[in-house]
Amino acid sequence: MSAKMSLATESETTSSEQETAKEEITSRRKYLIGPFVFLHTLTLTLYNTSINLYYPYHVGRELFPNESVTKEKSSLCQSRTNSSSTNEIVQSVVAEYSVYAAISMGFPCLISNILLGSMSDRYGRKQLLIIPTLGLLVAQIIVVVFMYVSVDLYYFLLPSIILAGFGDIFAVFQISLSYISDITEASKKRTFGIALLELSGGIGVLLGQIIAGYLIQSLGYTLTVLFTCIVKSANLINIVLLPSSVPSTKSQWSCKVVIRSLKESFQFYYSKEFSGSRWKYNLCLIIFIIGNMTVIGRDNVETLYIISPPFCFTPVLVGWFNATKAMMQLIIPMILIRVFLKFWSNEFITVFGAISGLSYFVVETLARSTLTLFLAPVFGFGLVLGFVIIRAIVSVETPGNKQGALYGGLAAIQTIFAFFGSMSHTSSTEGD
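Residues numbered from 1 in each chain as written. Predicted model: local features only at pLDDT ≥ 70, side-chain atom pairs only at ≥ 80, totals over all residues. Heavy atoms only, no water.

## Regarding the overall build of the protein chain
Reasoning step 1: Regarding its fold elements, the protein chain presents 17 helices and zero strands.
Reasoning step 2: A burial count over the protein chain gives 56% of its 432 residues as buried.
Reasoning step 3: The contacts of the protein chain with a sequence gap of at least 6 include a subset with a gap of at least 24, amounting to 84%.
Reasoning step 4: Total accessible area computed for the protein chain in this model is approximately 18,800 Å², and 66% of it derives from carbon and sulfur atoms. (Helix = DSSP H or I, 4+ residues; strand = E, 2+ residues; numbered from the N terminus. Buried < 20%, exposed > 50% of the residue type's maximum accessible area, 1.4 Å probe, protein only. Contact = heavy atoms within 4.5 Å. Areas by Shrake-Rupley, 256 points an atom, 1.4 Å probe, with all protein chains shown as cover.)

Following this line, the structure appears as structure tokens:
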């Protein structure tokens, strides 16, 4: 009986605190969540592009010092012998490393995202954003040191595990999406707000992809990652200035809180509390899973694919290709989302996105020239639209004090497909 009274009191306190928070977030500083996501995706894109291109360069230089490229600005194909066997060996070594990286990163990232989402409902969005921000910054600093001293490839597992354990990009987006849910009404305004957040991230990806190749050409890999550290540090100021949307509770950290957080992230799909809308949650979950199975975890393999014959992309071309993807799939659709919502239903937008995504994969698979490869993202114009709509639908159905738990569960699913999907993709590459 006392336990029930305690829970009721805690619930009332939480509701009261949230009402207070609603009054406090009238400040225009709440819109800093957009620049925060922009800077995070910008620096993460620069970081990921640098290390994904550094791995084959580093392996080639170590295994074939007389054959591999001697300049960081060159492509994998531009070796002195340009033998297909050399490229295949380098690809195989990098693919094997990627499998180990996916295995070692997957579980820490999965657990951290389940916990961070639910705990942001309890301890506040602003406070929890610090965790993935510091995780990326620490990982970047370690990578700079490792590149400078030219350590063995497998030492790079350490910064990767740290980044994953602090939540990676999934934690940033799930907490930011929860923040958007706090400051918007449960209507199409929320869908638009989510789209604007995705747009901020898309612009960061676009700019990062465009300048990554040029930075690598002019500065090299080490100084490029060092540059991302400096830019990333500026994002801590954004967190300080961001107003709280959910005040931190006074409940102490304990094993009981951790277990409850794990349970809360998936309660929407089985709990009696959501019996009236449980079917909708589960249907959206199935669609979300199917979408992630095809999209998430392909980036590393795609990079290896386009820097190898017949394309032989240089870092600059890799950047422009990924920038084209960002423009066509993350920016233009998000700009037009309000038009889509005005004339199309949520269901139609989701189906359109699925068909568009399928077209992208088909064209990319059949591409044999640079032009055709660059046309693939154009066909995949609506690839991410379905994810935006699904998040908006389930967010509207969810109470305000459970938004973090909801997005934590979705982020956990994305984590599974990001790392274990990457593992399956790279395993097939290694086998080839």
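The discussion continues.
## As for a nonpolar patch on the surface
Reasoning step 1: Together, Ile130, Leu134, Phe166 and Leu236 make up a nonpolar patch on the protein surface, roughly 280 Å² of accessible area in all.
Reasoning step 2: Looking at the element boundaries, leucine 134 is found in helix α4 (residues 125-149). (Patch = residues over 30% accessible without salt bridge, like charges linked within 9 Å, V, L, I, M, F, W, Y side chains within 5 Å. Salt bridge = Lys/Arg side-chain N within 4 Å of Asp/Glu carboxyl O.)

## A closer look at the environment of arginine 28
Reasoning step 1: Along the chain, arginine 28 falls in the loop between α1 (2-24) and α2 (33-63).
Reasoning step 2: Spatially, the C-alpha atom of arginine 28 lies 9.0 Å from that of proline 243, the residues being 215 residues apart in sequence.

## Comments concerning unusual backbone geometry
Reasoning step 1: Although it is not a glycine, serine 150 sits at a positive phi angle of roughly 55 degrees.
Reasoning step 2: As for its placement among the helices and strands, serine 150 is situated in the loop between α4 and α5 (157-165).
Reasoning step 3: For serine 150, a relative accessible area of 29% puts it in the partly exposed group.
Reasoning step 4: We note that aspartate 168 has phi near 55 degrees; this positive angle belongs to a residue other than glycine.

## Remarks on the pattern of salt bridges
Reasoning step 1: On inspection of all chains with the given rule, the structure shows six salt bridges.
Reasoning step 2: As a salt-bridge pair, aspartate 121 and arginine 125 come within 2.6 Å of each other at their nearest N and O atoms.
Reasoning step 3: Residue classification places aspartate 121 among the buried residues on the basis of a relative accessible area of 9%.
Reasoning step 4: On the basis of relative accessible area, arginine 125 is assigned to the buried category, the value being 0%.
Reasoning step 5: Note that arginine 125 is salt-bridged to aspartate 182, the shortest N-O span being 2.7 Å. Remark: aspartate 182 occurs in helix α6 (residues 168-183) and arginine 125 occurs in helix α4; sequence separation between them is 57 residues.
Reasoning step 6: In this structure aspartate 182 comes out as buried when scored by relative accessible area, which is 5%.
Reasoning step 7: When salt bridges that share partners are traced, they join Asp121, Arg125 and Asp182 into one network.

## Concerning the nonpolar core
Reasoning step 1: Of all hydrophobic cores here, the largest spans 104 residues; its most connected members are Ile33, Tyr47, Tyr55, Met147 and Phe156.
Reasoning step 2: Among the elements that make up this core, the one with the highest residue count is α2 (eleven residues).
Reasoning step 3: Contacts of phenylalanine 156, omitting those with residues within four sequence positions, involve Tyr54, Tyr55, Tyr97, Val143, Phe146, Met147 and Val151.
Reasoning step 4: If you look at the next biggest cluster of nonpolar residues, it comprises six residues, including Leu46, Ala212, Leu215 and Val231. (Core = buried A, V, L, I, M, F, W, Y, C linked by side-chain atoms within 4.5 Å.)

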